[in-house]
Amino acid sequence: MLFYFDPNDQQESMKLIENLTENAGKIQQQVLKDILNRNSDTEYLHGFLHGVRDVHQFKKSVPVVDYEQIKPYIDRIANGEPSNIISSEPITELLTSSGTSGGKPKIMPTTAKELDRKTFFYNLLIPVMNQYVEGLDEGKAMYLLFVKPEISTPSGLMARPVLTSYYKSDHFRHRPLNKFNIYTSPDDTILCPDSKQSMHCQLLCGLVQRKEVLRVGAIFASAFLRAIKYFEDHWLELCTNIRTGQVSKWITDDRCRSAVLKVLNKPDSELASLIEMECSKDSWEGIIKKIWPRTKYIDVIVTGSMAQYIPLLEFYGGGLPLISTMYGSSECYFGINLEPLCSPSEVSYTLLPNMAYFEFLPVDHDYEEAQALSNGSLSSLQNRVVDLVDVQLGHCYELIVTTFTGLYRYRVGDILMVTGFNNAAPQFQFMQRRNVVLSIDTDKTSEEDLLKAVTQAKLLLQPHGHILTEYTSYAETSSLPGHYVLFWEVKAKGGNEPVNKEVMEACCMAVEARLDSVYRRCRSRDGSIGPLEIRVVKCGAFDELMDFCVASGSSVNQYKTPRCIKTLPAIQVLERMVVGRFFSREAPFWEPQR
Ligand code: AMP
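These numbers were taken from a predicted model, which means no experiment stands behind them.

This brings us to the pattern of salt bridges. Tallying each qualifying case throughout the model produces 35 salt bridges. The partner of Lys281 in a salt bridge is Glu278, and the shortest N-O contact between them spans 3.0 Å. Under the relative-accessibility criterion, Lys281 is labelled partly exposed at 37%. Relative accessible area serves as the criterion here: at 12%, Glu278 is assigned to the buried category. The partner of Glu512 in a salt bridge is Arg523, and the shortest N-O contact between them spans 2.6 Å. Of the two residues, Glu512 sits in helix α18 (residues 501–514) while Arg523 sits in helix α19 (residues 517–526), which places them 11 residues apart along the sequence. Given a relative accessible area of 0%, Glu512 falls into the buried group. According to the relative accessible area criterion, Arg523 is buried, its value standing at 9%. Via salt bridges that share partners, Arg226, Lys229, Asp233, Asp543 and Asp547 belong to a single interconnected network.

Structural data, given as structure tokens:
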């Protein structure tokens, strides 16, 4: 089910995409047949199919499952049992996901062949971009990519994040270099296990090659902004490195050091002075365009929970397009954005029908059915699961995948909405991850609800010269009535002006006004929820939260700020950095719905 093609051949590549989307239904059926032919005799599938390799039997007998149901099988493989309990192809490594189970990262099986599938997927991104942006072969990409140290399971299998696995693979390191995939970061800087050294060296290389850079980016918006923050905090040191032609002494990783020195080449005081001049200006608005003047776009995912970074990216990018190219996960890569220049709020992903077998569990706008499933009442809902080509425009679904790597009817936990079709292939907007909620009483606030409310409330900061750079929340229930607590990291556009009490109280009320009617009822009529609180934290507090999460097992590349934090140690990380506490002064408007 892998189609080989030359990503430099624009016509052939676009024809392939056309073929994939036109024949989405047929390809999906073939994918499922392939998977069943290979894997029906695995212990897992045999338990349901008893050797029958039939698609209808699969749909009838194989249950839709959560991680908890497959975890015992994956744990057995991690502990040394043969792969064939779930996959006829050997499981070659385990991928640690950003999702957690019982406080620990989930681990997903993968095979050597899957790297071909990922390469196929990445290769499709090139011709799609070439369709919309000319001349990408006339320069380089400054992509800030990172690896995380891996751990070995009792069986000796490697467990590491999916991107680490890919960057360390021969597929990435020995990729056929073509004019479209030349990066400013030498591989040895990307592969450096120390993320600070890696960051410093990749930025240094990007600065030295500034005139060649045509696009900048990272995987997720948060990682890119972390790099900008590093640049903001360390530009003097980076400039000293450029001026002297020497890399800082604390860069001790030999490979990284010598890779950078090859790029640094010679002292360049002219370049150092130019960068210093730009960086020492009061405002960093549009800094990316100033430092990397040929940049055509910023390549970062800004959909889902990353959407809140859009204003900050627009501030630093000075109007550069923000491009979300792909949607994927540790389980498998899903889809690509066929209209990359569209506005971030309109991004939709076309799932590639040869990546896995996709099914969709209908959920209503309040995602209630997915919720019911997660509460264990599988019942008839499983029968409502539909195929890729049968989803309906405007409807929301939870994504379920059957992969080539041993996951069968697995709930990814993402809620997607159908926004259109490309030939027979549906296009999906990413709505939210299931089950990210705040709740005090009968209220249930989703990640998306919170994002909407915060998006409105933060507008109140702008006239006062402040930008909300990060937020998270938790349900404070240690006193009665409980209340929502939001941690906000607020940045002054110019100087160091502190936030104003009246403005922050207005923000608290604006958040409440935007929350749903059940919340407002509990707060206004029932009094079961207390006034919403915003705790403003010092700049850098969310970096500390990330460091904390990374130290507890998250990956730097895949890290996304949790919009709701549940563990006390994580709350304490932010609590230590609180500089102001503000409460809503009055209950929000509420009236009974007719
Ligand atoms: P992980 O398995 O840790 O790589 O996380 C994968 C999850 O990240 C997906 O299931 C989504 O919830 C989220 N994700 C990945 N790509 C995107 C995207 N383009 N837009 C929104 N969320 C995404």
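Moving on, we come to the pairing of strand β7 (residues 297–301). In terms of residue burial, β7 counts as a mostly covered element, since five of its five residues are buried. Where burial is concerned, the two faces of β7 agree: the one with Tyr297, Asp299 and Ile301 and the one with Ile298 and Val300 are both buried. Summarising the sheet, strand β6 (residues 213–220) and β7 pair through four bridges and their orientation is parallel. Each residue of the ladder has a partner; that of Val216, found in β7, is Ile298. Pairing of β7 with strand β8 (residues 322–323) involves two bridges; the strand directions are parallel. By the bridge assignment, Asp299 is partnered in β8 with Ile323.

On to the sheet that holds strand β12 (residues 357–363), then. Pairing within the open sheet is antiparallel, and its eight strands lie in the order β9-β10-β11-β16-β15-β14-β12-β13. Of all the strands in the sheet, the pair left with one neighbour each is β9 (326–328) and β13 (386–387). Where strand β10 (residues 333–336) lies against strand β11 (residues 349–351), two bridges are found, and the strand directions are antiparallel. When the sheet's bridge partners are listed, Gly335 is paired in β11 with Leu351.

A few words on helix α1 (residues 10–22). Residues lying three or four places apart along an α-helix face the same way, a consequence of the helix completing one turn every 3.6 residues. Compared with the 18 Å implied by 1.5 Å per residue over 13 residues, the 18 Å span of α1 between its first and last C-alpha is a close match. In the core, the buried residues of α1 are packed alongside α2 (24–39), α6 (113–132), β11, β15 (410–422) and β16 (425–433). At the N-terminal boundary of α1, the capping side chain belongs to Asp9, with an oxygen 3.3 Å from the backbone nitrogen of Gln11.

Thresholds applied
- Residues numbered from 1 in each chain as written.
- Predicted model: local features only at pLDDT ≥ 70, side-chain atom pairs only at ≥ 80, totals over all residues.
- Heavy atoms only, no water.
- Salt bridge = Lys/Arg side-chain N within 4 Å of Asp/Glu carboxyl O.
- Buried < 20%, exposed > 50% of the residue type's maximum accessible area, 1.4 Å probe, protein only.
- Helix = DSSP H or I, 4+ residues; strand = E, 2+ residues; numbered from the N terminus.
- Pairing = 2+ DSSP bridges.
- Expected span 1.5 Å × (residues − 1).
- Contact = heavy atoms within 4.5 Å.
- Polar contact = N/O pair within 3.5 Å; in protein donor to acceptor, adjacent residues only side chain to side chain.

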